[in-house]
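Structural overview
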Amino acid sequence: MIDGVIALYIFMLAAFTGYEVISRVPVILHTPLMSGSNFVHGIVLVGAMVALATADTTLVRVIGFIGVLLAAGNAVGGYVVTERMLKMFVLAGKKKGP
Amino acid sequence: MPSASTIQTLTQLSYLIAAALFILGLKRMSSPVTAVSGVRWAGVGMLLATIVTLAFMGASSLNLMLVIIAIAIGTVIAWVSGKRVAMTDMPQMIALYNGMGGGAAAAIAAVELYSGNEHNPVHLTMAAVGGFIGAVSFSGSLIAFAKLQGLITKSVRFSGQKFVNLAILLITVGFGFMVVSGVGADSGLPVVSLLFVFALILGVAMTLPIGGADMPVVISLYNALTGLAVGFEGFVLDNAAMIIAGTVVGSAGTLLTQLMAKAMNRSLGNVLFSNFGETSVAGGGAAGTQKPIEASDAGVMMAYSQKIIIVPGYGLAVAQAQHKVWELTQLLMDHGVKVRFAIHPVAGRMPGHMNVLLAEAGVPYDLISDLDEINAEFETADVALIIGANDVVNPDARTNKNSPIYGMPILNADKAKNVIVIKRGQGQGFSGIDNALFGLDQTRMLYGDAQAAVSQLIQAVKAAG
């Protein structure tokens, strides 16, 4: 469905997007942002699910199972720690008042 | 049940929406005000893509059950560990979750390569490259995690290490070539397995020699690599969400890695291939002797100051002293002392690590300044209070060409009228470099755990009136 040159275009545009999104970030948000981008590549979960769904031998099932487990860990863990970190910034911002 | 092409369209549409939510989410995460909503937007995207995939992937009931069990186990483990981990241990948790992502990308590649259903040479190449990068990121991140967690305390270094690593890299690439081209397919060698084994070894071998002080850069690099691996596997699976999300993280992560390396005035190659720390004996040696001070005296000095700049470092994180520091700050401000926090870009184990901790304690942003904003102000400060920071205030970086950190921008704490350093012992810091600041005439050392020392300071300031 996604063919050669089109794929390259997607790749190029996504690369510029990532660069642009990050380039104006204040230093204080670098750690949460690294954590946030770590969460975003947790989308590997859908790939791992599809890979396991098509598995037809035991070996491939085992690898696929590990893949889904790891990917779920990446996505969920990435979300939990990012949210925890970012919530603190909101709290700190509110306390700033008089 | 809708037709196959409808399902295909629905799935692709949900991936498109997910990808858009990821980009918008990252964008919102780049401002403190919208940051929490940013990660939630991205979370909605992830949930949408996962549910649609689960509903429409058309797995046999056995495979479907396996998928659900695997997700359940992974979710529970990550949820519990993510909720429990202390803020100070965030860097290694990010490394761990990132390693899991890399491992998942490698697993997808392994499924594609072992099942042998893929014959398109472009897809085979993508699968092998993504699997290789994913496996390196997996084992490398685990080593980074182990180092930060204190499970591995030694940096393994030996002469000729670079060449050994280069050899491992070439062997891995060689097996990758065999996998893709089919050369040597009848040799009986399990080339796919060998590719993964050597990629895993490479990740370990690359990360072992890197000192703990450089770990943030390395974690960021592996984060970018995992993104790339996910992007490559996205090509193999024709999955636009993976291609876009993976590539966005790959490029954003690369930029972030460069920003971090630049903050330490080092190139990425320097971080990865130089044996940092080994040459530290050549450092100038601490001039002068370290002069201790009692907390009571330090407290009086601080209570009667006009302006104090606090420089937090990793010692503050280890001791979980952020709440006490904020208490001390409020107390001093009640005394009419002007207090500011100076954050070095690489203080702690990650850029922004200190900001996260201070935010946790409730310190408002406007008291916190970065290097460029605050450096001129040290000259007007009565006291620079260094809490568990070392290399980021080492004046050798400005003056001593033999110092391994020569050229790194530092906080000019040595320009303050008085310097109080809270430090656990007399030894060298994490990077093993002597610090000339500690021997200066105006410097006094307050030995002890950061939390205990700051508590004593609080008592002393209270006692001072």
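These lines cover the structure that appears in this document, whether it is placed above or below. Because the structure is predicted, anything quoted here is derived from the model rather than measured. (Residues numbered from 1 in each chain as written. Chains lettered and ligands numbered in written order. Predicted model: local features only at pLDDT ≥ 70, side-chain atom pairs only at ≥ 80, totals over all residues. Heavy atoms only, no water.)

**Some details on the pairing of strand E1 (residues 307-312) of chain B**
Residue and element names in this part refer to chain B.
- By the criterion of burial, E1 is predominantly enclosed, with 6 of the 6 residues buried.
- Covered by surrounding structure in E1 are Lys307, Ile309 and Val311 together with Ile308, Ile310 and Pro312, the residues of both alternating faces.
- Two elements, E1 and strand E2 (residues 338-343), share 4 bridges in a ladder whose sense is parallel. When the bridges of E2 are listed, Ile308 appears paired with Val339.
- In the sheet, E1 pairs with strand E4 (residues 383-387) via 5 bridges, with the strands oriented parallel. Note that in E4 the partner of Ile310 across the bridge is Leu385. (Buried < 20%, exposed > 50% of the residue type's maximum accessible area, 1.4 Å probe, protein only. Helix = DSSP H or I, 4+ residues; strand = E, 2+ residues; numbered from the N terminus. Pairing = 2+ DSSP bridges.)

**A few points about the interface of chain A and chain B**
- Facing 79 residues of chain A, the contacting portion of chain B comprises 99 residues.
- In total, chain A and chain B occlude about 8000 Å² of area from one another, counting both sides; carbon and sulfur atoms represent 80% of this.
- For the interface between chain A and chain B, the tally reads 1 salt bridge.
- Among the salt bridges present, the one from A:Glu83 reaches B:Arg40, with a minimum N-O distance of 2.9 Å.
- Taken together, the links from chain A to chain B amount to 17 residue pairs in polar contact (both at pLDDT 80 or more).
- For the side of chain A that touches chain B, the elements supplying multiple residues, two or more each, are helix H1 (4-23), helix H2 (30-40), helix H3 (44-53) and helix H4 (58-95) of chain A.
- Sorting elements by how many residues they give to the side of chain A that touches chain B places H4(A) first, with 33 residues.
- Of the residues assigned to the side of chain A that touches chain B, the class counts are 51 nonpolar, 21 polar and 7 charged. (Contact = heavy atoms within 4.5 Å. Buried area = accessible area lost by both parts, 1.4 Å probe. Salt bridge = Lys/Arg side-chain N within 4 Å of Asp/Glu carboxyl O. Polar contact = N/O pair within 3.5 Å; in protein donor to acceptor, adjacent residues only side chain to side chain. Nonpolar A, V, L, I, M, F, W, Y, C, P; charged D, E, K, R; others polar.)

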